[in-house]
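Chain residues, written in single-letter form:
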Amino acid sequence: MTQSDNSPGRSNQEYLLIAKNIKKYFPIKMSSKVMTHRIPLKAVDDVSLIIKRGEVIGLVGESGCGKTTLGKLLINLISPSEGYLVFNPSEELVKDLGKDESVEEKEFRDASMYNLNKRKMRQLRRKMQIVFQDPYSSLDPRYLIKDIIAEPLLSFGIRKDEAYSRSSNLLREVGLSDDFVNRYPHQLSGGQRQRVAIARALALNPEFMVLDEPTSALDVSVQAQVLNLLENLRKKHNLTILFITHNMIVARHICNRIYVMYLGKIVEEARTEDLFAKPMHPYTVALLSSVPIPNPKTKRSRVILEGDVPSPITKPRGCSFHTRCKFAFEKCGWTSGEIVESMNYILDPTRNTVLETLPALSVMEVIDENRLKISYFGSLSQEQGETIKEVINKERREGKIRSLFGISSISLENGSILINVFESIRDPVLLTSDIEHLVACWLYEEKNSSAGSIIERA
Amino acid sequence: MVGANGWYLKSGSPRLNNFKTTFKLLLRNPGSAIGLIVVILYVAVAVIDQVYPRLLGITTDINTMTTNFTHPVPVPPSWLHNFSNWSLPFGTTFPGIDLFQAIIKSIRIDLSFSVAVVAGGCIIGIILGLYSAFFGKWLDQLIMRLTDIFFSIPFLVLAIAAGFFLGRSLEILAIVLILVWWPTYARVVRGQTLSVKEMSYVEAAKSSGVNNFRIMFKHILPNTMAPVIVQVSFDLATMILLLAMLDFIGFTPANAYLPELGYLASVGYGYAAIGDWWTLVFPGLTILLLALSMNLLGDGLRDAFDPRLRR
Amino acid sequence: MSGMNTILKVEDLKTQFVSWNGLVKALDGISFEIRSGECLGLVGETGCGKSVTALSIMNLIPETSGAVTGGKITFEDYNLVETQMAACKVIQTKTKPRLKVRRSKIKENSRKMNKIRGGMLSMIFQEPMTTLNPVMTIGEQITDVLYAHQISELTQRIIARKSITEEELRVIYKHCVEGNDLKFLFDFVDLNNGLKGIVPQIEFIINRKDITNYRKKKMISDLFDKDRSVPTQINRLKVWKSIRVPRFLPPLLKQEAEKVAIELLSKVSIPEPTKVIIQYPHELSGGMRQRVVIAIAIACNPHLLIADEPTTALDVTTQAQILDIIKDLKNIHSMSILFITHDLGVISDISDKVAVMYAGNIVEMAYTENLFERPKHPYTQGLLKSIPVYEQKKTELAAIPGSVPNLVHPPEGCRFNPRCDHVMEICRTTKPVMTEVEENHSVACWLYSKKEEK
Ligand SMILES: Nc1ncnc2c1ncn2[C@@H]1O[C@H](COP(=O)(O)OP(=O)(O)OP(=O)(O)O)[C@@H](O)[C@H]1O
Ligand SMILES: Nc1ncnc2c1ncn2[C@@H]1O[C@H](COP(=O)(O)OP(=O)(O)OP(=O)(O)O)[C@@H](O)[C@H]1O
Ligand code: SF4
Ligand SMILES: [Mg+2]
Ligand SMILES: [Mg+2]
C-alpha cells in the first residue's frame, strides 16, 4: 500500500464529485446512397451534477437515455467529448463555484480528472469503482472467484498472500462462504455473481461507487438480498453511491436524491421524498404514474405517454420531451417539420366541412426549421386565408394537438399560407423551482419558479 | 435460454472454459473420437520416428534411406507371397526404397511442416488481430488493409515464384505459406476480440486499474481461442493436402532421401499404371486417412465449442 | 365472473426435459383453469416453469429436448396433449434419460395443432424480434395469418359491403374450394343467388365415393372455369396441396386482408398504420414491434391469448402503453388471457386471478385482491415482503434466504422447504396438494392442510 501515503486519504469535505457540462457524443456512421458520413449521437448532452459525500444518488430514466454512459464518464472509464469532472474538489474550487465564469472555467480545467496524466489517474482509479448490470458478462468465465476478486489488488502491487486473504474476507463480507473461493463464475447463480462483482468493486476500498442497474437482472427475492447487502456495506464503508436504475420502486427505496434523465439530459433533480410527493417535470409525472405497483388497491390516475422515445441521433429541438409532452407550449422548441404532420391532419377537407369550399391543397413546403409554406392550387383570396387561419386557431384553442402551439404567426403571402414557428432560443435549463428541487422545463422557467406541481395545473 | 437463466447455469451446464467437458463432448461424438485417435497415432508415429526409430522396426539411421539401384523397380509387399514374411510390409518403391519406412519418414516431414506453417500463421495472426481489434482506429485500419492485400495474393503463384527466385526448399515454402496464411487467423481473432472487448468483465478490469497488456492476453485472448482451435485443426489438414499437391505436381524439393507423401504418390502414379498398385495405394491411403481424421476432429471440435449443441 | 364456461383446463400437467446432467422436472403436476373472458396471471421467479407451461399448452416443447409426460390439457373441445404425448416420450434408462420420438405422430400432431394454433389459440412471446420475420413487411406477416385461418371471414366482409361482382365472387369461391375450406361453402349460400346452383354440384362431387380426391378437386375446379387451359390447371393443382398459405390469391382478397391488417394495427394503437404495413420489423421500435406481435396474435380472434412476458423487454412508459392495449382486449373484446410475468406490479394491474409458481409447481391461486391482501403460502408472503413498498420508505427488506432449487434434483416433499421459515417434518417428505382455504383461494402448503385434518 505505497500509494495511499501521498494521496490525502479520506478527506472530510462535503463535496465528493463535481461534474460540469459533460458531453459525450458518439460518432455514428450513416450511409447515404453516395457516401458514408459521421454524425454525432448525443448520448450525454451537457450534464452537470454535484455529489456530496455519503449520499446515495439515483439516476433514473428509460433505456437508451444515457445512464450507463454518464456512469462510466463519472469514473472516467470513457473520456468525454467535452466537460470537466473534479473528484474531491478543493475548498477554493467549491468556494468559487458559480462566482466568476472565466475563473471557474480555468480552475475546473486544471482540476479536471479528464486532464490528469496516466499515473495520477491510476491513483484515482482505486477510489472509484463500478458494478455492471449484467452479472453474466461482468465476470471473466475463465477465472476462479478468488482470482477475480484479487486481481484489482494485485494490479496495485499488493502481495499475493495478502491479496488472497483479503479476497476471502471480502467474499465473506458480501455473504458468500469460503467454499465459493475455488469456483468458476458459471457455477454461481445470478445473485451470487452480483455479490462477487460487488466484492471485486469493494476490493480497492473505494470512496465512490457506480452501481449500474445492479439488480435489474435478478429476481425480486434475490434483489431484496442484494439491496440489503448494499445498504449495509454503504454504512460500513462510508460509501458514496451513484445508483443507476430504471426501477422507480427500487430508486425510492435506496436513494437520497434522484436525477431523472431523458435523452441525454437531466430533466429533474430532487430529494427522493420531494420527487415522489411532487413530481414537476411532465416526464417525471408520466414515469411515476406508469410504474406498476404491486397492490391492486392502489388506484391512480394514469398518464400514458404517446409514441416512443425519439432516437438520440435525431433529437428533437428545444426540450427533447416536447414531442410526447401533454403540456408542451409555445416555447418548447417546435419545428416546422413537426407542424406539417398536424397540418396534414387538420387541413383534411373530409375532416372539416368548412375547408371543402377551398381549392385543393397542392403542397406543404418546409422552408426551414422555422417556416412552413402551404400552397393551394390557385392563389387564395384574403377571405379564404382567414378561413384557414380560423380553422387552425380553433384547433389550437382546443389544445389537443400540441404542436399547433408552436405557431407564432400565420400570414397570407402571394396567395399561399406562410406559417412561422417560434424560434427556440435555447433548451430549457435546470432551474431551482423549490429548495433543492431543480427542473428543466419551460413551464416552470416561465412562471419564475413559483409554479406549482403540474398535476395541480392539469 | 441458457444465458439468462440463473440456476440453469449454476447446475453445471457445460461451458467453453471447461476443458474437461469439451473433451468429453468430443469423445461423445464417434466421428471425432476416431479422428482424435487416428491423429494421435500419426503424431505418435512421427515422434517415435524422430526420437527412437527402432521401436518401429527401423534399424538404420533415420536420415538415410537404403536405396537399391541395382533393383530400382518396385518390389511388391513381402506378405503377398509368404504371409509370415513382414520384412517389407508395403513393398518398395523407386529407387528401391522401403515404402513403409518412406511413409513413416514422410509423415514426420509432412506433419512438422504443416504444424510449423499453421503455428507461424496462427501466432502472427493472433497477435495482429488482437492488437488491431483492441486498439482500433488507425492501427485497425492498417492491419485490416494488410490482411486484404495478403488475402488477394494467390498463394500458389507466390509459392512458385518464391521457389524460382529463392530456391526450392521446405523452409522457404513454409515461410511463403505463413505469409499468406496469417490473415485468416487475424480476422478470426479480430472478430472474436471485438465482441469479447465489449463484455463488461473487460471494462471491470479496466476500471480496477489492470493494464492493457494483461487485459489483452489474460482476459481477452483466452476467451477468443475456441474458433481459433477449430480453425487450426482444419488448417492442418489443408496444409498436408496442399503440400501433397505441390509435391504431386513436382514443385517441392522432395526426393528419395527426403520423401514426402505427395511425392511418393506421384512416383507411384507412374508405376501403378503398369500394375505396381502398392506404390500408389499406400501413400494415397495415408494422406486420405490423415486428412479425413483431422477434418473429423475439426468438426467435432466445432460442435463441442458450439453452445447451441451443448445440451 | 362465476357462471362462465371454462375455456382452458390444465390438469396435473407434467413436462420434463432431457439435459446434460439429468432429467429436468420442469413442471411437476400443475393444474388450473381459465374461464372465458378472464385473465389469469402466472407469476414466479426465473426458471420456475412459466414459459414451459405456455409452450406445453401450445404444443411447442422442442421434441429434441423435452416432452409432456403426463396430465391433460382441455382447450374447448380439444385435448391438446394427447397426440403430443404419444409422439414423444421420455424413457428413463439406467444411466441417463432419453427421448423417444415417433415422427409419424409428430406430423399428425402438428397438422392438428396448426388448425388450432394461430387461430383459436395464439401466443405472444417475450422477445418481439424473434417472432417477427425480418425479411417480410409487417403487412405481409399479418395477412399471412389471415390467409391461413380467416379466408371465409374475409370473403364475408367483402360480400357484406356488396361491392362485389359475381365474377369476383367466382374467383374467391374457387379459391376457397382450393383451400379446402369447404365448411364455409355452405355458410353463405343465401347471400348470393347467382352461385346457388353451384353449391349442390360441389356437394355432389365431394360426396362421390367412386373417384379419387384428386379427381374431385379437378372436377370442382372445372366447374368454375370458363376458358380452360392446361397450364392453369396444373398450377391450380399445386396450390391445392398447400392449404396453409396459398401462393396464388385473388387480388380482391389481398386488398381485403390489407384492410383488416390496418384495422388490427389501429386496434393496438399504432399511429399511421398505413405506413407501418409496408415497413420491416427492424424499422420499428421495441414497443411498436410488440404491438405488431399483439396484432398478429389477435388477428384471428383467438379464444385464448397466451402472453409470455410481453412487457419485460420494454420501458415502463412503453409497458404502460402495452398493458393498456391488453386491458382493452380483455375489457372491450372480452378475450381470455393467460398472462405470464415475473413482475408482481404488472400482475396486480392486469389480472383477475393469480397463480403463483415456484420450481415447477403452482403453490397458490386466488383472486388478485385476495392474494395481495392475504397471501397464504410462505413463498408468496416472502415474495410480497421482499419488494420495496412504494408508498413509504423502509430501511430493511425482508428477503427470502437462499436461491431457487435445481430442477434436476429438486428437494423432496414441498420444493420450497429449504427456504421456508415454517418448515415442518412433513414438508421434507411429502408433497402438499392444492387445498382450498377460502372460497376461490387455494394453497399447496402443509401449514394449511394440517389444520383441516385436525
Ligand atoms: N460505444 C457506443 N457507440 C455508439 N453509441 C453508443 C455507445 N454506447 C452507447 N451508445 C448509445 O448511447 C445511448 C445511451 O446509451 P446508454 O447505454 O448510456 O443508455 P442507458 O440509459 O444505460 O440504457 P439502458 O437502460 O438500456 O442500459 C444509446 O442510444 C446507445 O445506443
Ligand atoms: N429446452 C430445454 N432444455 C432443458 N431444460 C429446459 C429447456 N427449456 C426449459 N428448461 C428448463 O425448464 C425450467 C423452466 O424454464 P422456463 O423457461 O419455463 O422458466 P420461466 O419461468 O419462463 O423463466 P423466465 O422468467 O426466466 O422466463 C428451467 O429450469 C429450464 O432450465
Ligand atoms: S419544456 Fe416542459 S412543457 Fe415544454 S415540452 Fe418540455 S416538459 Fe413539456
Ligand atoms: Mg445501461
Ligand atoms: Mg420465460
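Up top is the structure these notes are about.
Each value, and the rule that gives it
- Residues numbered from 1 in each chain as written.
- Chains lettered and ligands numbered in written order.
- Predicted model: local features only at pLDDT ≥ 70, side-chain atom pairs only at ≥ 80, totals over all residues.
- Heavy atoms only, no water.
- Helix = DSSP H or I, 4+ residues; strand = E, 2+ residues; numbered from the N terminus.
- Buried < 20%, exposed > 50% of the residue type's maximum accessible area, 1.4 Å probe, protein only.
- Contact = heavy atoms within 4.5 Å.
- Areas by Shrake-Rupley, 256 points an atom, 1.4 Å probe, with all protein chains shown as cover.
- Buried area = accessible area lost by both parts, 1.4 Å probe.
- Salt bridge = Lys/Arg side-chain N within 4 Å of Asp/Glu carboxyl O.
- Polar contact = N/O pair within 3.5 Å; in protein donor to acceptor, adjacent residues only side chain to side chain.
- Nonpolar A, V, L, I, M, F, W, Y, C, P; charged D, E, K, R; others polar.
- Near = heavy atom within 4 Å.
- Pairing = 2+ DSSP bridges.
- Core = buried A, V, L, I, M, F, W, Y, C linked by side-chain atoms within 4.5 Å.
- Axes fitted to C-alpha atoms, helices over the stretch in contact; angles between N-to-C directions.
- Phe/Tyr/Trp six-rings, centres within 6.5 Å; stacked < 30°, edge-to-face > 60°.
- Patch = residues over 30% accessible without salt bridge, like charges linked within 9 Å, V, L, I, M, F, W, Y side chains within 5 Å.
- Parallel < 35°, antiparallel > 145°, perpendicular 65-115°, else oblique.
- Left-handed = near helix turned anticlockwise from the far one by under 90°.

**Some thoughts on the overall build of chain B**
For chain B, the count of helices and strands is eleven helices and two strands. Across chain B, helices and strands are ordered from the amino to the carboxyl terminus as α-α-α-β-β-α-α-α-α-α-α-α-α. Residues counted as buried form 49% of the 311 residues belonging to chain B. Of all intrachain contacts in chain B linking residues separated by at least 6 positions in sequence, the fraction that spans at least 24 positions is 70%. Looking at chain B as shown, the accessible area adds up to about 14,900 Å², and 70% of this sits on carbon and sulfur atoms.

**Considering the overall build of chain C**
Check the secondary structure of chain C and you find 19 helices and 14 strands. Counting over 454 residues, chain C shows a buried share of 54%. Taking the intrachain contacts of chain C between residues at least 6 apart in sequence as the baseline, contacts between residues at least 24 apart amount to 65%. Counting every atom, chain C has about 20,700 Å² of accessible surface; 52% of that belongs to carbon and sulfur.

**A few points about the interface of chain A and chain C**
Each partner contributes residues to the interface: chain A has 37 residues there, and chain C has 40 residues. Summed over both sides, the interface of chain A with chain C buries roughly 3,600 Å², with 53% coming from carbon and sulfur. Across the chain A-chain C interface, the total number found is one salt bridge. Of the charged contacts, one joins Lys297 of chain A and Glu373 of chain C as a salt bridge, the two residues approaching to 2.8 Å between their closest N and O atoms. Applying the counting rule to chain A against chain C returns twelve residue pairs in polar contact (both at pLDDT 80 or more). In terms of residue count, the dominant contributor to the side of chain A that touches chain C is helix 9 (residues 220-237) of chain A (nine residues). Taken together, the residues of the side of chain A that touches chain C break down into 17 nonpolar, eleven polar and nine charged.

**Describing the site of ligand 1**
Residues and elements named next belong to chain A. Taken together, 15 residues lie near ligand 1, and Gly64, Gly66, Lys67, Thr68 and Thr69 sit nearest. For ligand 1, an oxygen atom lies 3.1 Å from a polar atom in the side chain of Ser63. Contact distances for ligand 1 include 2.5 Å between an oxygen atom and a side-chain N or O atom of Thr69. When ligand 1 sits alone it has 630 Å² of accessible area, and the protein chains cover 64% of it. Of all the secondary structure elements, the ones that give two or more residues to the shell around ligand 1 are strand 1 (15-31), strand 2 (36-52) and helix 2 (67-74). Ranked by residue count, the leading element in the shell around ligand 1 is helix 2, at three residues. Partitioning the shell around ligand 1 into residue classes produces six nonpolar, six polar and three charged.

**Focus on the site of ligand 3**
Around ligand 3, a shell composed of His281, Pro282, Cys319, Phe321, His322, Cys325, Phe327, Ala328, Cys332, Cys441, Trp442 and Leu443 of chain A is seen. Taken together, the residues of the shell around ligand 3 sort by class into ten nonpolar, two polar and no charged.

**So, the sheet that holds strand 5 (residues 78-79) of chain C**
Residues and elements named next belong to chain C. Taken together, the four strands give an open sheet; going across it, the order is 2-1-4-5, and neighbouring strands pair in antiparallel fashion. Each end of this open sheet is capped by a strand with a single partner; those strands are strand 2 (22-35) and strand 5. Note: strand 1 (residues 6-19) against strand 4 (residues 66-75), eight bridges, orientation antiparallel. Bridge assignment links Phe17 to a residue of strand 4, and that residue is Gly66.

**A closer look at the nonpolar core**
Formed by 104 residues in total, the largest nonpolar core has its most connected members in Leu8, Phe32, Ile57, Ile306 and Phe339 of chain C. Ranked by the residues each element gives to this core, the list is headed by helix 14 (residues 286-297) of chain C, at seven residues. Excluding residues within four positions of it along the chain, Phe32 of chain C makes contact with Leu8, Lys9, Val10, Leu40, Thr53, Ile57, Leu338, Ile362 and Met365 of chain C. Core analysis: the next-biggest nonpolar cluster, separate from the first, contains 100 residues, Leu218, Ile249, Val250 and Leu263 of chain A among them.

**Let's talk about the interface of chain A and chain B**
Contacts between chain A and chain B engage 30 residues on the former and 26 residues on the latter. Of the roughly 2,400 Å² buried at the junction of chain A and chain B (both faces included), carbon and sulfur atoms supply 51%. At the junction of chain A with chain B, the criterion picks out two salt bridges. Linking chain A with chain B are 14 residue pairs in polar contact (both at pLDDT 80 or more). Of all elements in the fold, only helix 5 (118-125), strand 5 (128-131), helix 6 (145-155) and helix 8 (190-202) of chain A reach the threshold of two or more residues within the side of chain A that touches chain B. Of the residues in the side of chain A that touches chain B, the class split is 14 nonpolar, eight polar and eight charged.

**What to know about the sheet that holds strand 2 of chain A**
Residues and elements named next belong to chain A. One open sheet holds the three strands; their spatial order is 2-1-4, and the pairing between them is antiparallel. Since the sheet does not close on itself, it has two edges, and those belong to strand 2 and strand 4 (82-87), each with one partner. Averaged over all pairs of adjacent strands, the angle between strand axes in this sheet comes to 20 degrees, irrespective of strand direction. Relative to strand 2, strand 1 runs antiparallel, the two sharing 13 bridges. Residue pairing across strands places Ser31 opposite Thr36, the latter belonging to strand 2.

**Quick word on the packing of aromatic side chains**
Residues and elements named next belong to chain C. All told, the structure shown has ten aromatic pairs over all chains when counted by the stated rule. Taken together, a centroid distance of 4.5 Å and an interplanar angle of 55 degrees make the contact between Tyr358 and Tyr379 tilted. One end of the pair, Tyr358, is in strand 11 (residues 353-358); the other, Tyr379, is in helix 18 (residues 378-386), and 21 residues separate them in sequence. A relative accessible area of 3% means that Tyr358 is categorised as buried.

**Quick look at a nonpolar patch on the surface**
There is a patch of nonpolar side chains on the surface, built from Leu80, Trp277, Val281, Leu285 and Leu288 of chain B and spanning about 450 Å² of accessible area. Of note, Leu80 of chain B is situated in the loop between helix 3 (30-51) and strand 1 (92-93).

**Re the packing of helix 7 (residues 170-197) of chain B against helix 9 (residues 212-248) of chain B**
Residues and elements named next belong to chain B. Remark: helix 7 packs on helix 9, axes separated minimally by 10 Å, with the N-to-C direction vectors making an angle of 155 degrees. Between helix 7 and helix 9, the crossing angle belongs to the class labelled roughly antiparallel. Crossing hand, helix 7 versus helix 9: right-handed. Per-class residue counts for the contact of helix 7 with helix 9 are 16 nonpolar, seven polar and two charged.

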